[in-house]
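# Examining the three-dimensional arrangement
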4 protein chains.
Amino acid sequence: MKPIRTDLAMESLDCAAAGELPGVAVSRWNEGGVEVTSVEITENAAAQALGKPRGSYLTLSAPLLRERDPDARLAVSSLLSEELARLLPEDRGTVLVVGLGNRAITPDALGPMAIDRTLATRHMLRGPFARSSLNSVCAVAPGVLGVTGVETLELVEGLVDRVRPSALVCVDSLAARDSARIGTTLQLSDAGIQPGAGVGNRRVPLTRDSLGVPVIAIGMPTVVYAATLARDAFAWLGAEQGDEPSEEELSHMEKALLGAEVGEMIVTPREVDSMVQDAAGIIASAVNRALQPGLSEAEILAMMD
Amino acid sequence: MKPIRTDLAMESLDCAAAGELPGVAVSRWNEGGVEVTSVEITENAAAQALGKPRGSYLTLSAPLLRERDPDARLAVSSLLSEELARLLPEDRGTVLVVGLGNRAITPDALGPMAIDRTLATRHMLRGPFARSSLNSVCAVAPGVLGVTGVETLELVEGLVDRVRPSALVCVDSLAARDSARIGTTLQLSDAGIQPGAGVGNRRVPLTRDSLGVPVIAIGMPTVVYAATLARDAFAWLGAEQGDEPSEEELSHMEKALLGAEVGEMIVTPREVDSMVQDAAGIIASAVNRALQPGLSEAEILAMMD
Amino acid sequence: MKPIRTDLAMESLDCAAAGELPGVAVSRWNEGGVEVTSVEITENAAAQALGKPRGSYLTLSAPLLRERDPDARLAVSSLLSEELARLLPEDRGTVLVVGLGNRAITPDALGPMAIDRTLATRHMLRGPFARSSLNSVCAVAPGVLGVTGVETLELVEGLVDRVRPSALVCVDSLAARDSARIGTTLQLSDAGIQPGAGVGNRRVPLTRDSLGVPVIAIGMPTVVYAATLARDAFAWLGAEQGDEPSEEELSHMEKALLGAEVGEMIVTPREVDSMVQDAAGIIASAVNRALQPGLSEAEILAMMD
Amino acid sequence: MKPIRTDLAMESLDCAAAGELPGVAVSRWNEGGVEVTSVEITENAAAQALGKPRGSYLTLSAPLLRERDPDARLAVSSLLSEELARLLPEDRGTVLVVGLGNRAITPDALGPMAIDRTLATRHMLRGPFARSSLNSVCAVAPGVLGVTGVETLELVEGLVDRVRPSALVCVDSLAARDSARIGTTLQLSDAGIQPGAGVGNRRVPLTRDSLGVPVIAIGMPTVVYAATLARDAFAWLGAEQGDEPSEEELSHMEKALLGAEVGEMIVTPREVDSMVQDAAGIIASAVNRALQPGLSEAEILAMMD
C-alpha cells in the first residue's frame, strides 16, 4: 500500500491496486466539457485501503480553468451547484457555510476568499422585513475572524449550538498528487473534513460524527508537496529510459524527502494568487445558487454589495 | 435632560447638571502627563440620568497622542495596562479578548486591528509543550453581522460556552461629543458594551448580564457625529457674540440635523487610518502586558511573529 | 467675495453673485435621470472670481448613487464615457491615465482605486501579437510624496517624456461644499488639476501648461470640510428661525473654525469605503469604454483579469 | 556547460568546473555567525561561463533566518548595511531605491515590501526645514505604483532623468538552485539586474549601461523552480544508491521538465508570506542605516511613521 499525500479520492484510487477494490464504486463521464469522476466508498475496508472515510466523492475537472476560460468556469460552477443542491437536506432551515484556512497564506486562502463572496441571509430573515423567497444562510471563515487561541472545531461547535443549521458546507484548499490537478479540479464530498487534510494541516475533524449535522466539503487542490513532485519526476524519467523504478524505490525516495525540509515545501503555480481568487468565485457562485434557488444570479450579486 | 451622542461617561457627566448628581463619584488627577478622570456610577437614577449603566469608567487623555508622540503612547499604554490588570479576576483561567467593529470601515476598525496585535496563547498551553509562565488568552474579532448572518452576541456566547473564560475584554471604536477627544482619549470600564454604542451601532449588549462573565470594555473615540459638531460650532459662535443660544435652540438644531442625512455623517481627522492603527497598538500592548505579567515586552513581540 | 472650499465649479458658481458673471456660460439639463450642469469659464476675470482656471466643467449628479442603484450607476457611467470621449484628441496615440491620491487614506483613495480597474494596453501592442482594435493606454497611481520622495509632477513628467501620450486623464478625490454632493456627483473638466485641490492638498499643478499635453480631470467629492458643514448648519438654522445670518457672520464663523483643528476635520459618510469603491468602478468603466470603443464591456472585463 | 536556473553567483560557481575558473576570485569567511561568500568576476569569459555579468557578488547566509531568529536577523542586517555602504558613491547626492516585483504574487513581493519600510527623505530636504543630517533618498516600487502599460525601465529612466541620483539600489526576489537558500541567503552585487533574473522574469536590464548610474542589487531567493528541485532529488537518490546519475542524465531530466508546465512551477515554503515580510524588514533596515549614517535606528523608525 502506498502512502500518497492527496486529498482527492480519485487520486487515492488511481494509486490503489487495479481499481477492482471491493466496496468502491467508480464511474466517469463528461458533462458540458467537464470531466466528472464519482467515487463511492461504501465499505470500511475500502475506506482504510484508500485512506479516505466512507462517503461519496465527486470530482469535476476542466483543464481550461487554469487559462481562466469563462465557459469552463461557468460549466464547472453550474455543475457544482446542481450536485451540491442534491446533497443538501430537503427541509433546509439554516445552512452554515464555513471557509477553512488562513487568508495570510495564499494557497490556504481558498476558504476565506469563498466566504467573502457567499451571500449570508440569516440576519435579513428576522423582523418585519423577512423575505420569504430567501433561504437562511450563515457564512463564517474562522481564520478570517482573527480567531486565535480557539480551535476551529470549538468555534464551529459554538455556532452549531446557537444557529442549529440543517447542514454545514465547508470550503477548503487541498493538496493533490498530480500537479495538473492544481487549479483545474474541484471535489465535492459528503464525508466532511478529516484531520490532516488541506494545505494547512487541519487538526480536528469537521464531520457529522463530531458536529451532529451533515457536513458537505468542497475543495480544490492548490499545491502538490515537493516530495510528491520529485517522486513523480523520478518515475517519469525511469519510464522514459526503459528502466522503470520499482514501487519500493519510489516509496523510499518519497519518504526520505518527506523527512527533509525540502519535501515539506509546496509546489504551486506562480499565478497562485489569481488562481485561488478565481476558484473562490466559482465555488461561491455555485454555493449561492444552490442555497438560493429562488434568486437570480443578478439578484444575488445585488444583495452582496 | 439633553440627548448627547457620546460613548464617554465623562462627557455625559459634563453635559449633566452641575456635577452634583447623587450616585456619581468623580475624581480627576494627572499621572505621568496623562489626565485621568474616574467616574463611578453607583445608583440607578444616576445611571439613567447619564444614559450609562452603573459601573466604573476611567478615562485616560493625552493630546500628544494625535501627534504620535512616543512618550505619550508609552505613558497611556502603561497606565491602561495597570488599570486593566486591576479589573481582571484574581484567578485568571482563560481571558477572551473580543475586537468589535468592521475592519472595512476605517473608524470602526479599532477592535479588529487591536486583535491583530493581541497575543493569543490558549492553543500553546495544551500538550507537552505547555509553558507555565503563560496565561491563557483567546482573541477574536467577530466582524459584522452582514458578513456572517450571525449576531456578534451569538458568536461570543458560543465561544464563552466552550472556552469558559474568567472574563471578557472588549475593544471598540467610540463616538465622542468633543472632537478634541478623537484619537487622544481612551476609556476603560467594567460596565460592558451597550446596544447603540460604538461607531457602527452595536445592536446587542455584551455585558455580565447577557454573558454570565465580567465584561471589561476598552474604547477610543474615532468620530464625532456631524449633528454634534454643528451644535457645538453654533454654541461657540453664539457665546463669542455675547448671544448665547438657549439649550432649547441647541437641542432643536441638533435634532433637526439628526433627522437629516448630513447629521448622521461622521467627522473624523483626515489621518484616521494611521490614528486607528496607533490606538490599536497602544491598546494591544496594554492588554498583552496586563494578561501576561510573566513575559517581558520583547518576549511578547517575539511570540507574536 | 466668499472663500468657499470646494473643487466643484458649479458650487463656486452657486456661491458667486447672481450667476450673471460675464465670461461664464452655464447650462443645465437632465439626461436619463442624471442632472447635468455645464459651466464654461472663458474669461480670466471670471476665472479669478470663481477661483477656478478657465475651461469647461461638466457635472453629473444622481442622488441614487448613494443608494448604490444599478441603473443610476449605469446612466452616470455611460454619460461620463460619452463626454470623456468628446474631450479626447482625435488622433489618439497613447493615453496616460493617472490616479491621484493616497490609497491608505480612504476618502483620498478614489484615484488609485480607479487605476486598479483601468485597462492598460500599451504593453500588449508591441511585438507580433499587437491587436489592432486596441487603443494604447498606460495607467499609473503615483501614490504620495511622503511615500517616495518624488513629487507626483516629477514622476508624471518622466512618464510623459517616455510614453509621449496624446492626453492625460487624471482621476482624483474632491472636496465639496454641500454634503449632499458626496458620492453623488462627478465632475469632468479639461482644466487639469490645480494645486490645493483634492482631499489631500495636491501641491503641484497637473495641467497642459505644466506638462505640454491636454489634461482631463475626473473627480468626485468624498468629503466636506467640517468648517463648511458648520457654516451651512448655522445658515440653515438662522433661515429657519427667520433670522438669516449675514454673509459676514458666516464668513467669520467659517474662518474661525478653519483656524481651529476641528475645522480641518473631514465630514464623510460612515460607508465611505464602499462609496469610494463604487465610484472607482463607475469612473474606470467610463474611462475604459471611452478609450476602447472597439471593445465590448465583456471583452474589457475579460482582459482585466 | 550546465544551464542552471539560479540568480545567485555562488550557485553558478558551484555548478561550474572545479572552481579554478580564470577571471573569478572567490573567498569565504564567517562573520558573527553569518557565512559570507565573495565572488568577483573580472573577465568576460568567466562571466559568460557563469551566465552572470562581471562585477562583485557578496552572499550572506544564516540558516537561522528561517526560524526567525532575532540575533541572526540583526547580524545579517548589520553586515548587509556595512557592505552596502561600501558600494555607495562617496559624494552621495540623492540615492534612488527601487523595489522590483509584483506585490500581488507573494514570492515576488520582496521588493515592494522593502520599499514600504524604506525611509524616503528627498521631499523633506527642500524649503526652510531642510535637515542637514539627512541624506536624500527616493524610494519607488514601480509595480506598487499601479503602473501598467509602462515598462519598469521606462519609469526608472524617467525618474533618473528628473531625480539625477548618484546611484540606484534595487531590491528583488530571486530564484535559487538549492532550496536551503530560500529565506536564508541574501546577495549584494554591483552588477545590477539582468533580464530573466528574479521570480517574475524581469524583461529589461537595470544596469549602469542602461541607466548611466551605478546600480546595486540586493536580493533573496524566495523560490526554486520545480525542474531544479526534481533534478536535485534525482541526483540525491542516485548518489545514495551508489549509482550516481551522469551530468547528461540530469540535464536531460531538467530540460524535459522545463518543457513541461510542472517544471515552471515554483517550490516555496508554506510560510512564504511571513518569510518575505521578514526579509523585507532586514533589507530595509540595512538600506536605511547605510543611507542615513547620521540617524539612529530609533530616529529612522520615528520618521517612518
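So, here's what we can say about the structure. (Residues numbered from 1 in each chain as written. Chains lettered and ligands numbered in written order. Predicted model: local features only at pLDDT ≥ 70, side-chain atom pairs only at ≥ 80, totals over all residues. Heavy atoms only, no water.)

## Brief notes about the overall build of chain A
- If you tally the helices and strands in chain A, you get 10 helices and nine strands.
- For chain A, whose C-alpha radius of gyration is 20 Å, the value lies close to the compact-globule estimate of 19 Å for 305 residues.
- Taken along the three principal axes of its C-alpha coordinates, chain A extends 75 × 40 × 40 Å.
- Within chain A, buried positions represent 58% of all 305 residues.
- Within chain A, counting contacts between residues at least 6 apart in sequence, those at least 24 apart form 72% of the total.
- Accessible area of chain A: about 11900 Å², with a carbon and sulfur share of 50%. (Helix = DSSP H or I, 4+ residues; strand = E, 2+ residues; numbered from the N terminus. Rg over C-alpha atoms; globule rule 2.2 N^0.38 Å. Buried < 20%, exposed > 50% of the residue type's maximum accessible area, 1.4 Å probe, protein only. Contact = heavy atoms within 4.5 Å. Areas by Shrake-Rupley, 256 points an atom, 1.4 Å probe, with all protein chains shown as cover.)

## Side note on the pattern of salt bridges
- One pass over the structure, following the stated rule, counts 36 salt bridges over all chains.
- Note that Arg162 of chain B and Glu157 of chain A form a salt bridge whose closest N and O atoms lie 3.0 Å from each other. Within this pair, whereas Arg162 of chain B is found in helix H6 (residues 152–163), its partner Glu157 of chain A is found in helix H5 (residues 152–163), the two belonging to separate chains.
- The partly exposed category is assigned to Arg162 of chain B, whose relative accessible area is 25%.
- Overall, Glu157 of chain A belongs to the partly exposed group, its relative accessible area being 23%.
- Here Asp161 of chain B and Arg162 of chain A are joined by a salt bridge, their closest N and O atoms 3.1 Å apart. Here Asp161 of chain B, found in helix H6, pairs with Arg162 of chain A, found in helix H5, and the two come from separate chains. (Salt bridge = Lys/Arg side-chain N within 4 Å of Asp/Glu carboxyl O.)

## Observations regarding helix H3 (residues 70–87) of chain A
Residue and element names in this part refer to chain A.
- The end-to-end C-alpha distance of H3 is 26 Å, a good match for the 26 Å that 18 residues give at a rise of 1.5 Å each.
- Residues of H3 that are buried include every one of Ala72, Arg73, Val76, Ser77, Leu79, Leu80, Ser81, Glu83 and Leu84, and no others.
- Taking the backbone nitrogen of Asp71 as reference, a side-chain oxygen 3.2 Å away marks Asp69 as the first, capping residue of H3. (Expected span 1.5 Å × (residues − 1). Polar contact = N/O pair within 3.5 Å; in protein donor to acceptor, adjacent residues only side chain to side chain.)

## A word on the packing of H3 of chain A against helix H9 (residues 272–291) of chain A
Residues and elements named next belong to chain A.
- Closest axis-to-axis distance for the H3/H9 pair is 8 Å, and the angle between their directions is 40 degrees. Between H3 and H9, the angle is such that the two are oblique. Judged by the twist between their axes, the crossing of H3 over H9 is right-handed. Judged by residue contacts, Arg73, Val76, Ser77, Ser78, Leu80, Ser81, Leu84 and Ala85 of H3 engage Asp278, Ile282, Ile283, Ser285, Ala286, Val287, Arg289 and Ala290 from H9.
- Within the contact of H3 with H9, the residues separate by chemical class into nine nonpolar, four polar and three charged. (Axes fitted to C-alpha atoms, helices over the stretch in contact; angles between N-to-C directions. Parallel < 35°, antiparallel > 145°, perpendicular 65-115°, else oblique. Left-handed = near helix turned anticlockwise from the far one by under 90°. Nonpolar A, V, L, I, M, F, W, Y, C, P; charged D, E, K, R; others polar.)

## Some remarks on the relation of the copies chain D and chain A
- Note on the copies: chain D fits chain A at an RMSD of 0.1 Å, the axial shift is 0.0 Å, and the rotation between them is 180 degrees. Between the two chains, the operation in question is that of a two-fold axis.
- Looking at chain D, 100% of its interface residues are interface residues in chain A too, so the copies touch through the same face. (Least-squares fit on C-alpha atoms with pLDDT ≥ 70 in both.)

## With respect to a negative patch on the surface
- A surface patch of negative charge is lined by Asp243 and Glu244 of chain A together with Asp243 and Glu244 of chain D.
- One can find Glu244 of chain D in the loop between helix H7 (226–240) and helix H8 (247–259).
- Overall, the relative accessible area of 62% leaves Glu244 of chain D in the exposed class. (Patch = residues over 30% accessible without salt bridge, like charges linked within 9 Å, V, L, I, M, F, W, Y side chains within 5 Å. Lys, Arg positive; Asp, Glu negative; His and termini not counted. Charge placed at Lys NZ, Arg CZ, Asp CG, Glu CD.)

## Side note on the pairing of strand S8 (residues 215–225) of chain B
All names here are of chain B.
- With respect to burial, S8 is a largely interior element, 11 of its 11 residues being buried.
- Bridge analysis of strand S6 (residues 167–176) against S8 gives nine bridges, and the strand direction is parallel. Residue pairing for S8: Ala175 is matched across the bridge by Val223.
- By the bridge criterion, three bridges tie strand S7 (residues 185–189) to S8 in an arrangement that is antiparallel. Bridge pairing in S8 places Gln187 opposite Gly219. (Pairing = 2+ DSSP bridges.)

## A closer look at the interface of chain C and chain D
- Across the contact, 26 residues belong to chain C and 23 residues belong to chain D.
- Across the chain C/chain D interface, buried area totals approximately 2000 Å², and carbon plus sulfur atoms make up 53% of it.
- The tally of links between chain C and chain D comes to six salt bridges.
- Applying the counting criterion to the chain C and chain D interface returns 11 residue pairs in polar contact (both at pLDDT 80 or more).
- Those elements giving two or more residues to the side of chain C that touches chain D turn out to be strand S5 (136–140), helix H5 (145–148) and helix H6 (152–163) of chain C.
- With eight residues, H6 of chain C is the single largest residue contributor to the side of chain C that touches chain D.
- Here the residues of the side of chain C that touches chain D sort into 14 nonpolar, five polar and seven charged. (Buried area = accessible area lost by both parts, 1.4 Å probe.)

## Side note on the packing of H6 of chain C against helix H5 (residues 152–163) of chain D
- Interhelical geometry of H6 of chain C versus H5 of chain D gives an angle of 120 degrees and a closest axis separation of 8 Å. Between H6 of chain C and H5 of chain D, the crossing angle belongs to the class labelled oblique. Here H6 of chain C runs over H5 of chain D; the crossing is right-handed. Residues Glu154, Leu155, Glu157, Gly158, Leu159, Asp161 and Arg162 of chain C of H6 of chain C touch H5 of chain D, and the partners they reach there are Glu154, Leu155, Glu157, Gly158, Leu159, Asp161 and Arg162 of chain D.

## Here's the deal with the pairing of strand S7 (residues 185–189) of chain D
Residues and elements named next belong to chain D.
- Among the five residues that make up S7, five are buried, leaving the element largely enclosed by the rest of the structure.
- Residues Thr185, Gln187 and Ser189 line one face of S7 and the alternating positions Leu186 and Leu188 line the opposite face, and both faces are buried.
- As defined by bridge partners, strand S3 (residues 55–61) adjoins S7 across five bridges and the pair is classed as antiparallel. Counted as the bridge partner of Thr59 is Gln187 from S7.

## What about the interface of chain D and chain A?
- With 34 residues of chain D at the contact, the number on the chain A side is 34 residues.
- Linking chain D with chain A are zero salt bridges, by the criterion used here.
- Applying the counting rule to chain D against chain A returns seven residue pairs in polar contact (both at pLDDT 80 or more).
- Elements supplying a minimum of two residues to the side of chain D that touches chain A: H7, H8 and strand S9 (266–268) of chain D.
- For the side of chain D that touches chain A, the element with the most residues is H7 of chain D, which contributes eight residues.
- Note that strand S9 (residues 266–268) of chain A and S9 of chain D share three bridges and pair antiparallel. Considered in S9 of chain D, the bridge of Ile266 of chain A is made with Thr268 of chain D.

## Some points on unusual backbone geometry
Residues and elements named next belong to chain A.
- Even without being a glycine, Arg68 presents a positive backbone phi close to 60 degrees.
- Here Arg68 shows up in the loop between strand S3 (55–61) and H3.
- On the basis of relative accessible area, Arg68 is assigned to the partly exposed category, the value being 22%.

Purely geometric numbers; function is a separate question.
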